[in-house]
Amino acid sequence: MLVNFKKKIIFCFIYFLLSNCSYQNTKTSNLHIIHLENIKKIELKVASYRVENNHNINKKKSTELQGFEKSLQNSFTDWANKKFTLVGEKNNIVMYINQAEILIEEVKKNKGIKKIIFFEEQKRYLVLLKIILSFTDEDLSTADLNINGEIDFFIKDNTSINDRKRLLNKAIKKLIVSVDKNLNENIKKNTFKRYLSRIN
């Protein structure tokens, strides 16, 4: 009876470990969409609006980098879909996402004692966004607003998966906030004023 009891205890312990590992892997493998709060919405005198993503993720990049870019594209598209309120009966607008990319710009390697104390390798990532906001009026005249943004962040080879996600999310959030601020300022220019109702 004592032997059976010990077997049950060991089985429960192994089951707990496997369940816990499975939960952690599921939790850390998904890069979520970053939802921004307190973003000023723009009311536009247009009847239709859509977002077109023209940037395809390079499948030759590492799985991690592809995941980073997917998170960037999903987060930016989520912001773009929520940014505008349409109050017009004519005119239309298209937001073209021409670049939403993350590149490895620099790799720093440590050797000897520095490698042991600090890290073996550190990568500098560059996050890039290029969009065009294209306005078309009822006479088919067009006006384009170009907005570019970039930001970098660093990841060491000994950085945990969750910390990598946090660094990525922080960089993406800062970049989208910067693009958002740029858009709010530039849409007030005379070229686009006739399409602008107000900024809330």
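Residues numbered from 1 in each chain as written. Predicted model: local features only at pLDDT ≥ 70, side-chain atom pairs only at ≥ 80, totals over all residues. Heavy atoms only, no water.

Asker: Can you help me understand the overall build of the protein in this one?
Answerer: Of regular secondary structure, the protein possesses 5 helices and 7 strands. Starting at the N terminus and ending at the C terminus, the protein contains elements arranged as α-β-β-α-β-β-α-β-β-α-α-β. The 200 residues of the protein split such that 37% are buried. By sequence separation, contacts in the protein at least 24 residues apart represent 75% of the contacts at least 6 residues apart. (Helix = DSSP H or I, 4+ residues; strand = E, 2+ residues; numbered from the N terminus. Buried < 20%, exposed > 50% of the residue type's maximum accessible area, 1.4 Å probe, protein only. Contact = heavy atoms within 4.5 Å.)

Asker: Where do I start with the nonpolar core in this structure?
Answerer: Side chains of nonpolar character tend, in soluble globular proteins, to be buried together. Counting residues in hydrophobic clusters, the biggest one holds 41 residues, and the most contacted among them are Phe76, Trp79, Phe84, Met95, Leu183 and Ile187. For this core, the secondary structure elements donating two or more residues are β1 (42-44), α2 (63-83), β4 (92-109), β5 (121-136), β6 (142-156) and α4 (161-186). If you tally residues by element for this core, the top one is α4, at 7 residues. Excluding anything up to four places from it in sequence, Phe84 contacts Lys41, Ile42, Leu44, Tyr49, Met95, Leu133, Leu183 and Ile187. (Core = buried A, V, L, I, M, F, W, Y, C linked by side-chain atoms within 4.5 Å.)

Asker: Which parts of the structure should I look at to understand the sheet that holds β6?
Answerer: The strand order β2-β4-β5-β6 describes an open sheet built from 4 strands, whose pairing is mixed. Here the strands that pair on one side only, and so sit at the sheet edges, are β2 (48-53) and β6. If you compare each strand with its neighbour and ignore which way they point, the axes differ by 20° on average. Where β5 meets β6, 15 bridges bridge the pair, whose relative direction is antiparallel. (Pairing = 2+ DSSP bridges. Axes fitted to C-alpha atoms, helices over the stretch in contact; angles between N-to-C directions.)

Asker: Looking at this structure, I do not really get the sheet that holds strand β7 (residues 196-199). What am I missing?
Answerer: If you trace the 3 strands from one edge of the open sheet to the other, you get β3-β1-β7, paired in mixed fashion. Unpaired on one side and paired on the other, β3 (84-86) and β7 mark the two borders of the sheet. With direction set aside, neighbouring strand axes in the sheet form an average angle of 25°. Both β1 and β7 contribute to a ladder of 3 bridges, which runs antiparallel. Counted as the bridge partner of Ile42 is Ile199 from β7.

Asker: Hey, could you run me through unusual backbone geometry in this one?
Answerer: Excluding glycine, residues mostly have negative phi values, and the peptide bonds linking residues are mostly trans. A positive phi angle, close to 70°, is found at Asn91, a residue other than glycine. In this structure, Asn91 sits in the loop between β3 and β4. Residue Asn91 is classed as buried on the basis of its relative accessible area, which comes to 15%.

Asker: What's the story with the packing of α2 against α4 in this structure? I'm lost.
Answerer: A pair of packed helices is captured by two measures, namely the crossing angle of their axes and the spacing between those axes. In contact at an axis separation of 10 Å, α2 and α4 are set at 35° when each is read in the N-to-C sense. The two elements α2 and α4 meet at a crossing, and its hand is right-handed. Facing α2, whose interface residues are Glu64, Phe68, Ser71, Leu72, Ser75, Phe76, Trp79 and Lys83, α4 presents Arg164, Leu168, Asn169, Ile172, Ile176, Val179, Asp180, Leu183 and Asn184. Grouping the constituent residues of the contact of α2 with α4 by class yields 9 nonpolar, 4 polar and 4 charged. (Left-handed = near helix turned anticlockwise from the far one by under 90°. Nonpolar A, V, L, I, M, F, W, Y, C, P; charged D, E, K, R; others polar.)

Just geometry here; none of it tells us what the structure is for.
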